[in-house]
Amino acid sequence: LSTRFKDGSVQITCSDTGQGIKKDNLEKIFTPFGQEEEGKGGGLGLGLAICTKVCALHNGTIWCESEIGKGSQFHVLLPCEEIQAPLERPTEEPADAS
């Protein structure tokens, strides 16, 4: 998993070293019920379709690059402002003991 900021957007990339996805299926997997090989993996083929819709609702995009035998990289590009300093998680104050 990696992120990078560029031109007012953040790109999030998730890579794997799986079997890869055939080029003919790279668009199909983003459609509802679209799967690389139907019946394998046990999913319904809705996960990436939902991700596509969520990205679109945030004025972003999602796509995949893949090579058979080497794996895939899924990319999400969303508009955002670059954060100059790391965000700090607020600390909880201890409950009053009185």
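Residues numbered from 1 in each chain as written. Predicted model: local features only at pLDDT ≥ 70, side-chain atom pairs only at ≥ 80, totals over all residues. Heavy atoms only, no water.

## Some points on the sheet that holds strand S2 (residues 9-15)
A sheet is described by the order of its strands in space; here 4 strands give the open sequence S1-S2-S4-S3, paired in antiparallel fashion. Only two strands of the sheet have a single partner each, and these edge strands are strand S1 (2-6) and strand S3 (61-67). This sheet shows a mean twist of 20° between the axes of neighbouring strands, independent of strand direction. Pairing between S2 and strand S4 (residues 71-79): 7 bridges, direction antiparallel. Bridge assignment links Ser15 to a residue of S4, and that residue is Gln73. Across the sheet, helix H1 (residues 47-57) lies against S3 and S4, angled at about 140° from S3, the strand it touches most. (Pairing = 2+ DSSP bridges. Helix = DSSP H or I, 4+ residues; strand = E, 2+ residues; numbered from the N terminus. Axes fitted to C-alpha atoms, helices over the stretch in contact; angles between N-to-C directions. Contact = heavy atoms within 4.5 Å.)

## Observations regarding the environment of Thr3
The topology assignment puts Thr3 in strand S1. Using a relative accessible area of 55% as the deciding quantity, one classes Thr3 as exposed. When the C-alpha atoms of Thr3 and Thr13 are compared, they prove to be 6.3 Å apart, with 10 residues separating the residues in sequence. Ignoring sequence-local partners within four residues, the contact set of Thr3 consists of Val10, Gln11 and Ile12. (Buried < 20%, exposed > 50% of the residue type's maximum accessible area, 1.4 Å probe, protein only.)

## Digging into the nonpolar core
Grouped together as the largest cluster of nonpolar side chains are 9 residues: Ile21, Leu26, Ile29, Phe30, Cys55, Ile62, Cys64, Phe74 and Val76. At the level of secondary structure, the elements contributing two or more residues to this core comprise S3 and S4. When neighbours within four sequence positions are excluded, Phe74 is seen to be in contact with Ile12, Thr13, Cys14, Ile21, Ile29, Phe30, Leu48, Trp63 and Cys64. (Core = buried A, V, L, I, M, F, W, Y, C linked by side-chain atoms within 4.5 Å.)

## Remarks on the state of the cysteines
Under the counting rule described, the total for this entry stands at 0 disulfides. Looking at the unpaired Cys51, the closest cysteine sulfur is the one in Cys55, lying at 6.5 Å. On the accessibility criterion, Cys51 (34% relative accessible area) is partly exposed. (Disulfide = S-S within 2.5 Å.)

## Observations concerning unusual backbone geometry
Despite not being glycine, Phe33 has its phi angle at roughly 70°, a positive value. The residue Phe33 is located in the loop between S2 and H1 in this model. Of note in this structure, Asn59 is not a glycine but carries a positive phi near 60°. Within the secondary structure, Asn59 is located in the loop between H1 and S3. Owing to a relative accessible area of 66%, Asn59 belongs among the exposed residues under this scheme.

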